[in-house]
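Spelled out, the chains give:
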Amino acid sequence: FPVTIGKQITDSVYNILGGATNTTRKLAMSAPAVARARNIICGTIGSLPLTTFNRITGEYVDPHRVINQPDPRVAGFVVYTWLAEDIFLYGAGYGQVLEMYSATDGGRVRAWTRVAPERVTVNTNADNTEITGYAVDGTPRPNYGVGSIIRFDGFDDGFLHRAGKTVNAAVYLENAAVNYAKEPAPSVVLKSTGTNLPAERISSLLSAWRNARQTRATAFLNADVDIKQFGFDPKTMQLAEARQYVALELARAAGIPAYFISAETTSMTYSNSISERRSLVDFSLRPILTAIEKRLSMPDFVAQTTDVRFDLDDFLRGNPLERAQVYEILNRIGAMSVEQIQEEEDLIR
């Protein structure tokens, strides 16, 4: 269906329509902080099961296979991990319908698979204010039925667009670290104090210098050659501090607590790590979870009275002592039986 996006076209809207981002996925994933943030956020979302509920009664409804395994050829974890990455990095994710139920069975999506955003082209009206269709690899796709595109809209224009400069800074610092790892000392210039040397002699002298430095740290120069250093060493440049600062900024841009990507040093106990996990859901995962839940809750997937939600119970479970204390209270007031507690703890086979 066409989507109205407003008369004023901003950079963010341009990106949502398929415009260029400020950096690339390849560069972003080469930064360790970004790679770890992506793996934690997207990997966690991909591992969460999806459930369906009747929004009127709140009753659990057995979900169709398409909800937890969209593509019969691939595990659902793979599809949703990469879909979460698309929403996280680009601000929108795409799927393509593989099968549809017949009209007598509701005419809903029976199977779909993820399509990489860089393969999708967005078509708009003449005013560039409304999405009218999509193409994959340059081939137009129908607006409905098998082959049509399913769009999962995110909450902003994506990490690659809003944090491109910070990603590039992280890449430059990684390159600087690699260069200093190859040659730990500041750059050196060998200067002839006598006559100009031919190119062959200069090349031979530099090769001999490099080979000698690999075997011993002390060098000897005769009166014809002088040595000069220029540049700074990593300590003077505060390279480690700069990398740590950029990692912290990337954590902020990704919306993930800095502790999770080791961008700050804290002492975590088991009890407050549970609290951090809840913070991860509330401040990092929730927008992407909601984007996927709301799209899967639309009528082309489920009945109008049905909601699709991620099941966070196992992910947010407390430690055994905390759970035992809660169960003891619930059992004492009659809210849970022993059998229900055993079932909740997977103690009934």
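Residues numbered from 1 in each chain as written. Predicted model: local features only at pLDDT ≥ 70, side-chain atom pairs only at ≥ 80, totals over all residues. Heavy atoms only, no water.

Now for the overall build of the protein. Secondary structure assignment for the protein yields 13 helices and 12 strands. For the protein, with 349 residues in total, the buried portion stands at 38%. Surface exposure of the protein reaches about 20400 Å², of which carbon and sulfur atoms provide 53%. (Helix = DSSP H or I, 4+ residues; strand = E, 2+ residues; numbered from the N terminus. Buried < 20%, exposed > 50% of the residue type's maximum accessible area, 1.4 Å probe, protein only. Areas by Shrake-Rupley, 256 points an atom, 1.4 Å probe, with all protein chains shown as cover.)

Spatially, 3 strands are ordered S5-S4-S9 in an open sheet, and the strand pairing comes out antiparallel. If you trace the sheet from one side to the other, it starts and ends with strand S5 (109-115) and strand S9 (149-153), each paired once. Across the sheet, the mean angle separating the axes of adjacent strands is 35° when strand polarity is ignored. As paired strands, strand S4 (residues 92-100) and S9 are joined by 5 bridges and run antiparallel to one another. Residue pairing for S9: Ala 92 is matched across the bridge by Asp 153. Lying over the sheet, helix H5 (residues 76-90) contacts S4, S5 and S9, oriented at roughly 55° with respect to S5. (Pairing = 2+ DSSP bridges. Axes fitted to C-alpha atoms, helices over the stretch in contact; angles between N-to-C directions. Contact = heavy atoms within 4.5 Å.)

Throughout the structure, instances matching the rule amount to 12 salt bridges. For the salt bridge of Arg 119 with Asp 137, the shortest nitrogen-to-oxygen distance reads 2.7 Å. Separated by 18 residues along the polypeptide, Arg 119 in the loop between S5 and strand S6 (120-124) and Asp 137 in the loop between strand S7 (130-136) and strand S8 (139-141) bring together distant segments of the chain. Its salt-bridge partner being Arg 151, residue Asp 153 comes within 2.6 Å of it at the nearest N-O pair. Via salt bridges that share partners, Arg 25, Arg 38 and Glu 85 belong to a single interconnected network. (Salt bridge = Lys/Arg side-chain N within 4 Å of Asp/Glu carboxyl O.)

On to the pairing of strand S12 (residues 306-310), then. Looking down a regular strand, the side chains alternate between one sheet face and the other. Among the 5 residues that make up S12, 4 are buried, leaving the element largely enclosed by the rest of the structure. In this sheet, S12 lies alongside strand S2 (residues 50-54) in antiparallel orientation, the contact comprising 5 bridges. When the bridges of S12 are listed, Thr 52 appears paired with Val 308.

This part covers the nonpolar core. Formed by 57 residues in total, the largest nonpolar core has its most connected members in Ile 45, Trp 112, Phe 159, Ile 256, Ile 292 and Leu 296. Among the nonpolar cores identified, the runner-up in size contains 9 residues, and Ala 92, Tyr 94, Val 120 and Val 136 belong to it. (Core = buried A, V, L, I, M, F, W, Y, C linked by side-chain atoms within 4.5 Å.)

On to the sheet that holds strand S3 (residues 60-61). The strand order S3-S2-S12 describes an open sheet built from 3 strands, whose pairing is antiparallel. The strands lining the two open edges of the sheet, one partner per strand, are S3 and S12.

All right, on to the confidence of the model for the protein then. Summing up the model confidence of the protein, the mean pLDDT is 81 and the portion of residues at 70 or higher is 78%. Predicted confidence is poor over residues 1-15, with pLDDT under 50, and the contacts of this stretch with residues over four places away or in other chains come to 27 contacts. (pLDDT = per-residue confidence, 0-100.)

Right, let's get into the pairing of S4. Pairing analysis gives 6 bridges linking S4 to S5, with the strands arranged antiparallel. Of the residues in S5, the one forming a bridge with Met 100 is Val 109.

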